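Descriptive structure summary
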Amino acid sequence: MSRVGKNPISMPVGVEAKIQNSEITVKGPKGELKWRHAYGVKVKVEDRSIVVERLSDSKLNRALHGTTRSIIANMVEGTGIGYKRDLEVNGVGYRAAVQGSKLALTLGYSHPIEYNLPDGVTAEVDKKQTLVSLISIDKQLIGQTAANIRALRKPNVYKGKGVRYAGEVIKLKVGKAGK
């Protein structure tokens, strides 16, 4: 049996889960998320916990067992606490600003880049305009948004300029002169 899948998901106070057919709805103080799970697993709500069981031991069902449990656990945590992802903007003249639901980035190109934030993701920028904090209740959505923003200007391997995740370490290469 899956080590991840067999663990029940405990729901904190204020978070509720409902299951109709194969659609799971998790409601909490931060918001509400819905997700439709695959056919090979069975999800039950018992007391203050959610239990995921697989219908058979086929390879596909074994693969879906732990994945389904992890996604539901992320939904419970997101609606209860929420997620935050930080990005650092490094480089001379590189900066970020929030303009409504858009993130305006100056990343060394000839024009500023306006990134439209998806519904459910909000952004905050610090006073120095170099630290962008993305906030959401959906872990997958916030991770994909952070990856899309990072892809606008990946960190340079020679100088380290660009957009990187907070705490990401870039191993810098030696240039031509540094033999």
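Counting of residues starts from 1 at the beginning of each chain's written sequence and follows it residue by residue. Two thresholds apply to this predicted model, a pLDDT of at least 70 for residue-level local features and 80 or more for giving and counting side-chain atom pairs, whereas whole-chain, interface and lining totals are computed over all residues. To get the side-chain values, take all heavy atoms of the structure and skip hydrogens and water.

**Quick look at the environment of Ile149**
Quick note on the threshold: Per the convention used, a helix needs a DSSP run of H or I reaching at least four residues, while a strand needs a run of E reaching at least two, with both numbered from the N terminus. We call a residue buried when its accessible area falls under 20% of the maximum for its residue type, exposed when it is over 50%, and partly exposed in between, using a 1.4 Å probe and counting protein chains only. Contact criterion: two residues are considered in contact whenever any of their non-hydrogen atoms come within 4.5 Å of each other.
Counting through the fold element by element, Ile149 comes out in helix H2 (residues 139–152). Overall, Ile149 belongs to the buried group, its relative accessible area being 2%. Aside from chain neighbours lying at most four places away, what touches Ile149 is Leu87, Leu103, Leu105, Tyr115, Leu134 and Val163.

**Examining the packing of aromatic side chains**
Given two aromatic rings, one states the distance between the centres and the angle between the planes to describe the pair. Here is the rule we go by: Each Phe, Tyr or Trp ring, with Trp reduced to its six-membered ring, pairs with another whose centre is within 6.5 Å; inter-plane angles below 30 degrees give stacked pairs, above 60 give edge-to-face pairs, and intermediate values give tilted ones. A ring has a charge above it when a Lys NZ or an Arg CZ is no more than 6 Å from the ring centre and no more than 35 degrees off the ring normal.
Here the structure, examined in full by the defined rule, presents zero aromatic pairs. Here the guanidinium or amino end of Arg85 rests over the ring plane of Tyr165, the centre of that ring lying 4.3 Å away. Above the face of the Tyr109 ring, Arg153 is positioned so that its terminal group lies 4.2 Å from the ring centre.

**Structural notes on the pairing of strand S3 (residues 23–27)**
Basically, it comes down to this: Two strands are counted as paired when DSSP detects at least two bridges linking them.
Bridge count between strand S2 (residues 16–20) and S3: five bridges; the pairing is antiparallel. Bridging from a neighbouring strand, Ala17 pairs with Val26 of S3. In sequence, S2 turns back onto S3 through a hairpin of two residues, with Asn21 there showing a positive phi of about 55°. As paired strands, S3 and strand S4 (residues 32–36) are joined by five bridges and run antiparallel to one another. Bridging across to S4, Glu23 finds its partner in Arg36. Once S3 ends, the chain turns through four residues before running back antiparallel as S4, passing Gly31 with a positive phi of about 160°.

**Topic: the nonpolar core**
So the rule is basically this: Note on terminology: a nonpolar core comprises buried Ala, Val, Leu, Ile, Met, Phe, Trp, Tyr and Cys residues joined through side-chain atoms within 4.5 Å.
Leu134 and Ile149 are the most contacted members of the largest nonpolar core, which totals 19 residues. Every element with two or more residues in this core is listed here: strand S7 (83–90), strand S9 (102–106), strand S10 (113–116), strand S12 (131–136) and H2. Leave out the neighbours within four places in its chain, and Leu134 touches Tyr83, Lys84, Arg85, Leu87, Leu117, Val121, Thr122, Ala123, Ile142, Thr145, Ala146 and Ile149.

**Focus on the pattern of salt bridges**
The condition is simple: Any carboxyl oxygen of Asp or Glu that lies within 4 Å of a side-chain nitrogen of Lys or Arg is treated as forming a salt bridge with it.
Evaluated as defined, the whole model comprises six salt bridges. Note that Lys44 is salt-bridged to Glu53, the shortest N-O span being 3.2 Å. On the accessibility criterion, Lys44 (27% relative accessible area) is partly exposed. A salt bridge links Glu114 to Lys102, with the nearest nitrogen and oxygen atoms 3.4 Å apart. Here Glu114 is found in strand S10, whereas its partner Lys102 is found in strand S9, with twelve residues between them in sequence.

**Side note on helix H1 (residues 59–80)**
Put simply, the rule reads: What a helix is expected to span follows from its residue count: subtract one and scale by 1.5 Å.
Spanning 22 residues, H1 covers 33 Å between terminal C-alpha atoms, matching the ideal 32 Å at 1.5 Å per step. Those residues of H1 that fall on the buried side of the exposure criterion are Asn61, His65, Gly66, Thr68, Arg69, Ile72, Ala73, Met75, Val76, Gly78 and Thr79. Elements that come into contact with the buried residues of H1 comprise strand S1 (9–10), S3, S4, strand S5 (41–46), strand S6 (49–54) and S7. Downstream of H1 by one or two residues, Gly82 has phi in the positive range, about 95°.

**Overview of the sheet that holds S6**
Filter applied, for reference: Axis lines are fitted to C-alpha atoms, over the contacting stretch for helices. Their N-to-C directions set the angle, which ranges from 0 to 180 degrees.
If you walk across this open sheet you meet the three strands as S1-S6-S5, and the pairing is antiparallel. Each having just a single partner strand, S1 and S5 make up the two edges of the open sheet. Pairing geometry for S5 and S6, over six bridges, is antiparallel. Residue Glu46 lies in a different strand from S6, and its bridge partner there is Ser49. Across the sheet, H1 touches S1, S5 and S6, and the angle it forms with S6 is around 165°.

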